[in-house]
Amino acid sequence: NAGVTQTPKFQVLKTGQSMTLQCAQDMNHNSMYWYRQDPGMGLRLIYYSASEGTTDKGEVPNGYNVSRLNKREFSLRLESAAPSQTSVYFCASSVDPGQVQETQYFGPGTRLLVL
Amino acid sequence: QQQVKQSPQSLIVQKGGISIINCAYENTAFDYFPWYQQFPGKGPALLIAIRPDVSEKKEGRFTISFNKSAKQFSLHIMDSQPGDSATYFCAATTTSGTYKYIFGTGTRLKVLA
């Protein structure tokens, strides 16, 4: 099992450009998440999908959109990139929210630089 | 009320020493408290977790101490090793349907050989 995979690993964008970050998991997990990680800020939730067909906003959703394409895939789109979106983006998945020992499994991250 | 406050921001420990990282929360609805370990260039990975019905959980050299009345929990790394050098995040969530972790801001641990 590959676990959680993310593409691309690294991307440079100019202000105003758009791009889609891809995430896939092969663990048959129901829930998927997108986080951004910034120095001194920890991990902040952008959007999440509790199950296939549902998405909901997290702590910092402005400037982003998501699509839960199917049970395996959850993409994050930046429609018009801004320098403030320079960050490391992590996708994560979990079996089911609300489980007693719920664990989120993280991908390797996508490093995004917006000039 | 949704914040999880983590300290210190960075920590340097000698090999064989004890590393202690502290977290505090306000939301009494939180009922699951995991710690994640992140090595440079990698995604975070679950290290150890605790629920508030116990005051301590130990797995090898890693121990979580939990104080429900003070709304605080801490990670203790005994006999710290250079391989433990990483960033550690505490987190909190409710397991009754919110689906969201609230992460602390992270502690960068360096263990000197």
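Residues numbered from 1 in each chain as written. Chains lettered and ligands numbered in written order. Predicted model: local features only at pLDDT ≥ 70, side-chain atom pairs only at ≥ 80, totals over all residues. Heavy atoms only, no water.

## As for the overall build of chain A
Now for step 1: On a plain count of helices and strands, chain A comes out with 0 helices and 11 strands.
Now for step 2: Along its sequence from the N terminus, chain A presents helices and strands in the succession β-β-β-β-β-β-β-β-β-β-β.
Now for step 3: For chain A, whose C-alpha radius of gyration is 13 Å, the value lies close to the compact-globule estimate of 13 Å for 115 residues.
Now for step 4: Oriented by its inertia axes, the alpha-carbon framework of chain A measures out at about 40 × 25 × 25 Å.
Now for step 5: Burial analysis of chain A (115 residues in total) assigns 50% to the buried set.
Now for step 6: Sequence separation of at least 24 residues holds for 56% of the intrachain contacts in chain A that already meet a minimum separation of 6.
Now for step 7: Accessible area for chain A stands at about 5200 Å²; split by element, carbon and sulfur atoms hold 50% of it.
Now for step 8: Considering chain A, the positive charge centre built from 10 side chains and the negative charge centre built from 9 side chains are found 8 Å apart. (Helix = DSSP H or I, 4+ residues; strand = E, 2+ residues; numbered from the N terminus. Rg over C-alpha atoms; globule rule 2.2 N^0.38 Å. Buried < 20%, exposed > 50% of the residue type's maximum accessible area, 1.4 Å probe, protein only. Contact = heavy atoms within 4.5 Å. Areas by Shrake-Rupley, 256 points an atom, 1.4 Å probe, with all protein chains shown as cover. Lys, Arg positive; Asp, Glu negative; His and termini not counted. Charge placed at Lys NZ, Arg CZ, Asp CG, Glu CD.)

## Overview of the state of the cysteines
Residue and element names in this part refer to chain B.
Now for step 1: Applying the stated criterion across every chain yields a total of 2 disulfides over all chains.
Now for step 2: Each sulfur of the disulfide joining Cys 23 and Cys 90 lies 1.9 Å from the other. Handedness here is read from the sign of the S-S torsion; for Cys 23 and Cys 90, about -95°, the answer is left-handed. Of this pair, Cys 23 sits in strand β3 (residues 19-25) while Cys 90 sits in strand β9 (residues 86-92), and the two are 67 residues apart along the sequence. As far as the burial class goes, Cys 23 and Cys 90 line up, both buried. (Disulfide = S-S within 2.5 Å.)

## Let's talk about the sheet that holds strand β7 (residues 62-67) of chain B
Residues and elements named next belong to chain B.
Now for step 1: Read across the sheet, 5 strands follow the order β1-β3-β8-β7-β6 without closing on themselves; strand pairing throughout is antiparallel. Two strands lie at the open edges of the sheet, namely β1 (4-7) and β6 (56-59), each paired on one side alone. The sheet shows a mean angle of 15° between the axes of neighbouring strands, taken without regard to direction.
Now for step 2: For β1 and β3, the ladder comprises 4 bridges, and the chain directions are antiparallel. Paired with Lys 5 across the bridge in β3 is Ala 24. (Pairing = 2+ DSSP bridges. Axes fitted to C-alpha atoms, helices over the stretch in contact; angles between N-to-C directions.)

## Considering the interface of chain B and chain A
Now for step 1: Taken together, the 18 residues of chain B in the interface contact 24 residues of chain A.
Now for step 2: Here chain B and chain A share an interface that buries about 1800 Å² over both sides, 58% of which is from carbon and sulfur atoms.
Now for step 3: Between chain B and chain A we count 2 residue pairs in polar contact (both at pLDDT 80 or more) in total.
Now for step 4: The class makeup of the residues in the side of chain B that touches chain A is 8 nonpolar, 7 polar and 3 charged. (Buried area = accessible area lost by both parts, 1.4 Å probe. Polar contact = N/O pair within 3.5 Å; in protein donor to acceptor, adjacent residues only side chain to side chain. Nonpolar A, V, L, I, M, F, W, Y, C, P; charged D, E, K, R; others polar.)

## Quick look at the pairing of strand β7 (residues 64-68) of chain A
Within a regular beta strand, the side chains point alternately toward one face of the sheet and then the other, so they alternate between its two faces.
Residue and element names in this part refer to chain A.
Now for step 1: Of the two faces of β7, the one holding Tyr 64, Val 66 and Arg 68 is buried and the one holding Asn 65 and Ser 67 is not buried anywhere.
Now for step 2: Bridge count for β7 against strand β8 (residues 74-78) is 5 bridges, and the pairing is antiparallel. Counted as the bridge partner of Tyr 64 is Leu 78 from β8.
Now for step 3: Connecting β7 to the antiparallel partner β8 that follows it, the hairpin turn spans 5 residues.

Function cannot be inferred from these measures alone, as they are strictly geometric.
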